[in-house]
Structure formats: C-alpha cells, structure tokens
Amino acid sequence: AVLARCAGADVLAFETVPCVVEIRAICAVLRALPRAKPAWISLACRNGAELNDGTPVEEALAALDAADFARDLVHGVGVNCCPVGCVLPLLCTIVEYMEAHGTHRALLA
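Chemist: What exactly am I supposed to notice about the overall build of the protein chain here?
Modeler: A count of helices and strands for the protein chain gives three helices and four strands. Reading the helices (α) and strands (β) of the protein chain from amino to carboxyl end gives β-α-β-α-β-α-β. Its C-alpha atoms give the protein chain a radius of gyration of 13 Å, within 12% of the compact-globule value 13 Å for 109 residues. Its C-alpha atoms give the protein chain principal-axis dimensions of about 40 × 25 × 20 Å.

As structure tokens, then:
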C-alpha cells in the first residue's frame, strides 16, 4: 500500500537491507507494482564480506540476480550502515561479482 502511493517517485531506494530474505521480498514487491519503478538496494554489512545476518555478499548478489532475473527492477546496488573501513572491500567485492557474472548495475556507497 505504501509503494502504491509512491506513483510520483522517479526511483525507489531500499536502504540498510540486512539479509537475502529482504532482497527477495523487495524484488517480489517491485515486480508486483503495476508500473515498475527503478530501484536500488543498499546492503547493510557487519564486516567487509558479510551482510548483517552473516550471508556472504557474493551469495546476496546471486540471490538478487535470481530474484531480478530480467535485470529490470534493481538498477543499483551498494552498501551502507557498515564500518567505514569495510566500504572499499565491499565495493570491490560487488564490482568483482558483477564483472564475473555479467551483471551491470550502478554502484552505490
């Protein structure tokens, strides 16, 4: 219901996403919207390699790719709410994953 009221929004931001379950849910909700809006997801990470729930970042990105199989919902991915010293290693992991899997999304930090 909340997203339905966002008809005038240009982009939807999903911040501080701590687990794969939420990634899948976000993609399902975006796909169910009558007119899909571009979105980005920022992953909340507890260290330089894992989401807050302990899932490796690469696994979370694979889950995102599987949930957004047409690559038409989530246009950007990044990190937030993590120790500042973890930002660069996390961004490098995301870039390496995208290069290895042919995924093209904007990088956010």
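Chemist: When you look at the state of the cysteines in this model, what are you seeing that I'm missing?
Modeler: One way to say it: the disulfide is the covalent bond shared by the sulfur atoms of two cysteines. Overall, the coordinates contain zero disulfides when judged by the stated rule. The closest cysteine sulfur to the non-disulfide-bonded Cys81 is located on Cys82, 7.8 Å from its own sulfur. Of all cysteine sulfurs in the structure, the one in Cys86 sits closest to Cys92, which takes part in no disulfide; the separation is 12 Å.

Chemist: Help me understand helix 1 (residues 20-32) in this model?
Modeler: Given 3.6 residues per helical turn, the α-helix brings residues three or four places apart onto the same face. If you check helix 1, its first and last C-alpha atoms are 19 Å apart, about what 13 residues at 1.5 Å a residue would give, namely 18 Å. On its buried face, helix 1 sits against strand 1 (12-17), strand 2 (39-44), helix 2 (57-67) and strand 3 (74-80).

Chemist: Can you help me understand the nonpolar core in this one?
Modeler: The tendency in soluble globular proteins is for nonpolar side chains to be buried side by side. Judged by nonpolar contacts, the single largest core of 31 residues is most densely connected at Phe14, Leu30, Ile41, Leu43, Cys45 and Ile94. Secondary-structure elements contributing two or more residues to this core are strand 1, helix 1, strand 2, helix 2, strand 3 and helix 3 (87-101). Looking at this core element by element, the count peaks at six residues for helix 2. Aside from chain neighbours lying at most four places away, what touches Leu43 is Val17, Ile23, Leu51, Leu61, Val77, Gly78, Val79 and Asn80.

Chemist: Help me understand the packing of helix 1 against helix 2, please; the structure alone is not making it clear to me.
Modeler: Angle between the axes and distance between the axes: these two values describe a pair of packed helices. Put simply, helix 1 and helix 2 touch, their axes get as near as 9 Å, and they point 20 degrees apart. By the angle between their axes, helix 1 is roughly parallel relative to helix 2. The interaxial crossing formed by helix 1 with helix 2 has right-handed handedness. When helix 1 is examined against helix 2, the residues Val20, Ile23, Arg24, Cys27 and Arg31 are found in contact with a partner set consisting of Ala60, Ala63, Leu64 and Ala67. Grouping the constituent residues of the contact of helix 1 with helix 2 by class yields seven nonpolar, no polar and two charged.

Rules used throughout
Every chain's residues receive numbers from 1 upward, in the order its sequence appears when written. It should be noted that, the model being predicted, local features are given only for residues of pLDDT at least 70 and side-chain atom pairs only at 80 or more, the latter also being counted only at that level, while totals for whole chains, interfaces and linings use all residues. The basis for every side-chain value is the complete set of heavy atoms in the structure, and neither hydrogens nor water enter the calculation. Working definition: helices are DSSP H or I runs of at least four residues, strands are E runs of at least two. Numbering for both runs from the N terminus. For the radius of gyration, the atom set is restricted to C-alpha positions; the globular benchmark scales as 2.2 Å times the number of residues to the power 0.38. The disulfide definition used here is simple: a pair of cysteine sulfur atoms within 2.5 Å. A helix is expected to span 1.5 Å for every residue after the first. Any two residues whose heavy atoms approach within 4.5 Å at even a single point are treated as in contact. The term nonpolar core refers to a set of buried residues drawn from Ala, Val, Leu, Ile, Met, Phe, Trp, Tyr and Cys, joined through side-chain atoms within 4.5 Å. When accessible area is computed with a 1.4 Å probe and restricted to protein chains, residues below 20% of their type maximum are described as buried, those above 50% as exposed, and intermediate ones as partly exposed. Fitted lines through C-alpha atoms serve as axes, helices being fitted only where they are in contact, and the angles separating the N-to-C directions of these axes extend from 0 to 180 degrees. For classification purposes, an angle smaller than 35 degrees is called roughly parallel, one larger than 145 roughly antiparallel, one from 65 to 115 roughly perpendicular, and anything else oblique. Note on convention: near helix rotated counterclockwise from far helix by under a right angle means a left-handed crossing. Clockwise means right-handed. Three categories are distinguished: nonpolar for Ala, Val, Leu, Ile, Met, Phe, Trp, Tyr, Cys and Pro, charged for Asp, Glu, Lys and Arg, and polar for the others, with Gly belonging to the last.

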